[in-house]
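These are the residues of each chain, in order.
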Amino acid sequence: MANFYTDNKDLRFHLTHPVMEKIVRLKEMDYRDREQFDYAPHDFEDAMDNFDRVLEIIGAICAEVIGPNAEDVDHEGPTVSDGHVTYARGTRENHEALTRAGVIGMNFPRKYDGLNFPMVPYVMAAELVSRADAGFANIWGLQDCGETILEFATDEIRQQFLPRFNKGATAAMDLTEPDAGSDLQAVQLKAHFDESRGTWMLNGVKRFITNGDAEIALVLARSEEGTTDGRGLSLFVYDRNDGGVIVRRIENKMGIKGSPTCELVFRNAPVKLVGERRMGLIKYVMSLMNGARLGVGAQSVGIAQAAYEEARKYASERKQFGKTIDQFPAVFEMLTLMRIRIEAMRTLLYETARFVDTYKAWSFIAAERPLTKEEREDLKNNTRLADIYTPMVKLISSEWCNRIAYDAVQIHGGAGFIKDFPVERLYRDARITSIYEGTSQLQVVAAVRGVTTGGYLAQIREYEKNEIRPELDHLRKELITLTGDFEKRVAQVTSAGNNELTDFHARRLVEMAANIIMGYLLLHDAQRDAVYTASAELFISHAVSENLVRSEYIGAFEEKTLGLYKVS
Amino acid sequence: MNGIKIVVLAKQVPDTRNVGPDAMKADGTVNRSVLPAIFNPEDLNALEQALRIKECYEGVTVTLLTMGPVRAAEIIREGLYRGADDGVLLTDRAFAGSDTLATSYALALAVRRLAPDLVLGGRQAIDGDTAQVGPQVAEKLGWPQVTYAEAMQFEGEKLIIRRRLERGVETIAARLPLVVTVNGTAPACRYRNARLVMKYKYARTDTELQAESSDYIAASRPFIRITEWGVDAIGADPEHLGLSGSPTKVKEIENVILQAKESKHLTSSNADIESLVRELLENHTIG
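Sequence order as written defines residue numbering, which begins from 1 separately in each chain. As a convention, the first chain written is A and the first ligand written is 1, with the rest following in written order. This being a predicted model, a pLDDT of at least 70 is required before a residue's local features are given, and a value of 80 or more before pairs of side-chain atoms are given or counted; all residues contribute to the totals for chains, interfaces and linings.

To qualify as a helix, a DSSP run of H or I must reach at least 4 residues; to qualify as a strand, a run of E must reach at least 2; elements of each kind are numbered from the N terminus. Assigned secondary structure in chain B consists of nine helices and 11 strands. Principal axes of the C-alpha set define a box for chain B whose edges measure 75 × 50 × 40 Å. For the exposure call, what matters is how many other C-beta atoms sit within 10 Å of a residue's own: 20 or more marks it buried, 12 or fewer exposed, and in between partly exposed, using C-beta atoms placed from the backbone. A burial count over chain B gives 39% of its 287 residues as buried. Residue pairs in contact within chain B that sit at least 24 positions apart in sequence constitute 69% of those at least 6 positions apart. Distance between backbone-placed C-beta atoms decides contact: two residues are in contact if it is within 7 Å.

So, in structure tokens, the structure goes:
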């Protein structure tokens, strides 16, 4: 029986990371639910066994249902009639299989019919679903919206919406508008409080809304008349049963075609306010976006894995000049680099998920009792790390996913350019990952704070202290050298006191930090399991040359050269 | 049909679908140790039908019934993970070596004790391929039987069943009580449900609990027990069970080894294709 979870040893390896013991204990609040819920774990081993078993169910559904449906879904796509969306047949089948398996609302507390899983196994599930069908992964992954309802809405709203996820309700985040894409401060959709009906009402248009006809939608709208910036925006929750929103059309996209991208018209759509007025963009959407960015990270790793599997299979079967093409250096180098980059992206993804898990767990505990000084410190530290790692994961994994999909097509040669092979779809599906939920360029803007404030460097110094076997120590020495070089270039760029220069080099600096961080993470993986030693060796040797290119460029760059790049 | 009680007959079988070279022992019997023990595939189709009926009506219960060694309790757990309400494991040394006649005798007695309205089972098990047990159970109960079912739904009191036959499809109506055997062409069984897995992974028979000596499970999850029935529980006559109750005797086992000479290598040339067509016409394989 094919299974995307059990056929990939990396997943169990990351699931059993030593920090999980703490994460699960915090998330389960010392396993107190066991008295009340017959499916709650009674200790750490029990919880881990649950994650493993549930991921096995998801892995089976991905390999046996969602993956095999992907091609038909790509061709058929969703349709619109009478203002509402009908999914492709395969999409409905996928959704039903996952709903029946009870894996929607995985993170929610049990009192809202969730499974109370931490982010780590949830992100793994997202990776698995994305490997099977990246377009469908959006529909499934929008259960993230529930997290925002859970964190910021009143208990009445939570009761109304959260238990519906487990029964198969789909969700959407309605943020973008024709004139508000990357710049969400420009959102115009109008919210007004209707005194006679005692409810908020929405009017206006939203565009590029993934799964826009969902049962539950979080909507960003302008609640403060006369305002023009982000401080006039609030977040609302819309229930499709109440009506008032129609889908005007769906976009004809390059990839992820199974996921309907909608243009929505709101006509007196009644909604409920989530949290406080004016905090919509500043606080709630930022949190929503962080979750979505981690989701795109998982999606990118999933697509990359799928592309790699296709390329490896094809290269092992295709014969030219009397041997299979995977025997030629030009091809096996590509294949191995694909695999190593996937391992590097994946270890960064789960490191980030652990930071997110830790700070979220502390936040929920903080809602019940005051935290001690050490606990508050741990909350703060993990929040900070999650904030700088999330854009890094999104940037690196989406860009590398595109590169891996590109190479996978290349390995297929002419066959890869024909629609008969899945790699053609994967190549198109990959393209959106570096664009939506904030382009790569915007991820750099968020990530560069980790460069300029020293956040990445501090964490790299922490990694340096980890125990390493003597035979791996030469790798740590390489990384220490890279770190010194990174520090030097950061100082050089920031000391010029020219913000435009910092922005110009920002991506290079973020990528240098990312290479060092992924190098350390792979080194620690090799420390925990020697099977990762070769990956650490190869990755770090590449990191050395990749960082050298960037370092030399920055080193030789003169401030005045910036002018030559400007477009008039 | 609100409130009906359904029993699903299920068997744990060696997975004979992917057999390797060591699947048979030298003496010609199945080497069960190398073949994973699985839920007989068509019994899963039967379980799905039962779960669908349960979803459509109020108060329907689905009970799994299996006969086998203690490890066959795994089949009951698999059923619970998918939505069955409970299960009974028929296990006793006296059952060992039963052929289809002895097996159906024991199953029919257990069904009588459970007193359901509807019994569903797979058409046949992949280890024996006899397709006899379902019909034999029906005969022993004195109930009507419908075989080769691939879809069913109630219309009033009647169960409308679509049968998949060799040369077509037949739709019939039947009244309860009834035994139905389900084809592999029926919809595949649903996947395990996350919450049910987390709950029922602790479901144990009393024998299993004693072997594991897990105080935690016994103390904290007393509601999760799999019923174990032996010969006495179903009031069976040991003479009708096991080897003494089984008229089927294996006279001889022959290993059939397909020789390479039984296959032919053909190219795609017109001459080769023509000679093949001629040969097939001559031996009346086609035409």
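All right, on to the sheet that holds strand S11 (residues 227-229) of chain B then. Residues and elements named next belong to chain B. Taken in spatial order, the nine strands make up an open sheet running S9-S8-S7-S10-S6-S1-S4-S5-S11, and their pairing is mixed. Lying at the two open borders of the sheet, with one neighbouring strand each, are strand S9 (168-174) and S11. Averaged over all adjacent pairs, the angle separating strand axes in this sheet is 30°, with direction ignored. Sheet topology note: the strand S1 (residues 5-9)/strand S6 (residues 118-122) ladder contains four bridges and is parallel. Along S6, the bridge assignment pairs Val 7 with Val 119. Helix axes are fitted only over the stretch in contact, all axes being lines through C-alpha atoms; the angle between N-to-C directions runs from 0 to 180 degrees. Running at roughly 145° to S6, helix H1 (residues 41-56) makes contact with S1, strand S4 (61-67), S6, strand S7 (145-155) and strand S10 (178-182) of the sheet. Against the sheet, helix H3 (residues 100-114) makes contact with S1, S4, strand S5 (86-90), S6 and S11, and its axis sits at roughly 150° relative to S4, the strand it touches most. We call two strands paired when DSSP finds no fewer than two bridges between them.

As a further point, take the domain arrangement of chain A. All names here are of chain A. Here the bounds of each domain stem from an automatic or database domain assignment. We note that the domain assignment places domain 1 (1-141), domain 2 (171-278) and domain 3 (440-565) within chain A. Facing 16 residues of domain 1, the contacting portion of domain 2 comprises 13 residues. When residues of the side of domain 1 that touches domain 2 are traced back to their parent elements, those giving at least two are helix H3 (44-76), strand S2 (84-86) and helix H6 (134-141). Per element, the largest residue contribution to the side of domain 1 that touches domain 2 is five residues, and it comes from H6. Grouping the amino acids of the side of domain 1 that touches domain 2 by side-chain chemistry returns eight nonpolar, six polar and two charged. Under the convention adopted here, Pro, Cys and the residues Ala, Val, Leu, Ile, Met, Phe, Trp and Tyr are nonpolar, Asp, Glu, Lys and Arg are charged, and Gly plus all remaining residues are polar.

Moving on to the nonpolar core. Counting 249 residues, the largest nonpolar core has Ile61(A), Val123(A), Phe236(A), Ala307(A), Val8(B) and Ala106(B) as its most contacted members. Ile61(A) has contacts with Ile66(A), Ala97(A), Leu98(A), Ala101(A) and Tyr191(B), leaving out every residue within four places of it along the chain. Think of a nonpolar core as buried Ala, Val, Leu, Ile, Met, Phe, Trp, Tyr and Cys residues, each tied to the set through C-beta atoms within 7 Å.

Attention shifts here to the packing of H3(A) against helix H4 (residues 89-100) of chain A. For any two helices packed against each other, the geometry is given by the interaxial angle and the distance between the axes. Residue and element names in this part refer to chain A. Running from N to C, H3 and H4 cross one another at 155°; their axes reach a closest spacing of 7 Å. Compared by their axis directions, H3 and H4 come out roughly antiparallel. Between H3 and H4 lies a crossing whose hand is left-handed. In contact with Ile 61, Val 65, Ile 66, Asn 69, Asp 72, Val 73 and Glu 76 of H3, H4 contributes Arg 89, Gly 90, Thr 91, Glu 93, Asn 94, Ala 97 and Leu 98. Under this scheme an angle from 65 to 115 degrees is roughly perpendicular, one under 35 degrees roughly parallel, and one over 145 degrees roughly antiparallel; angles in between are oblique. Note on convention: the crossing is left-handed when the near helix lies turned anticlockwise from the far helix by less than a right angle, right-handed when the turn is clockwise.

Taken together, the contact pairs 15 residues of chain A with 12 residues of chain B. Contributions of two or more residues to the side of chain A that touches chain B are made by H3 and H4 of chain A. Counting residues per element, the side of chain A that touches chain B draws most heavily on H3(A), at six residues. Tallied by class, the residues present in the side of chain A that touches chain B amount to nine nonpolar, three polar and three charged.

Another aspect to go through is H3(B). Residues and elements named next belong to chain B. Residue count minus one, scaled by 1.5 Å, sets the expected span of a helix. The terminal C-alpha atoms of H3, which comprises 15 residues, lie 20 Å apart, in line with the 21 Å expected from a rise of 1.5 Å per residue. Counting buried residues along H3, 11 of its 15 residues qualify, which places the element largely inside the surrounding structure. For H3, the set of buried residues is Thr 100, Ala 102, Thr 103, Ser 104, Tyr 105, Ala 106, Leu 107, Ala 108, Leu 109, Ala 110 and Val 111. At the exit of H3 stands Ala 115, carrying a positive phi of roughly 50°.

A few words on the pairing of S5(B). The side chains of a regular strand alternate, residue by residue, between the two faces of the sheet. Residues and elements named next belong to chain B. Counting buried positions along S5 yields four of five residues, so the element is predominantly enclosed. Here S4 runs beside S5; their pairing, made up of five bridges, is parallel. Bridging from a neighbouring strand, Leu 64 pairs with Gly 87 of S5. Taken together, S4, helix H2 (residues 73-82) and S5 constitute a β-α-β crossover, and its handedness is right-handed. Pairing analysis gives three bridges linking S5 to S11, with the strands arranged parallel. Considered in S11, the bridge of Val 88 is made with Thr 227. Consider the strands pointing away from the viewer: the crossover is right-handed when the path from the first strand over the helix to the second runs clockwise.

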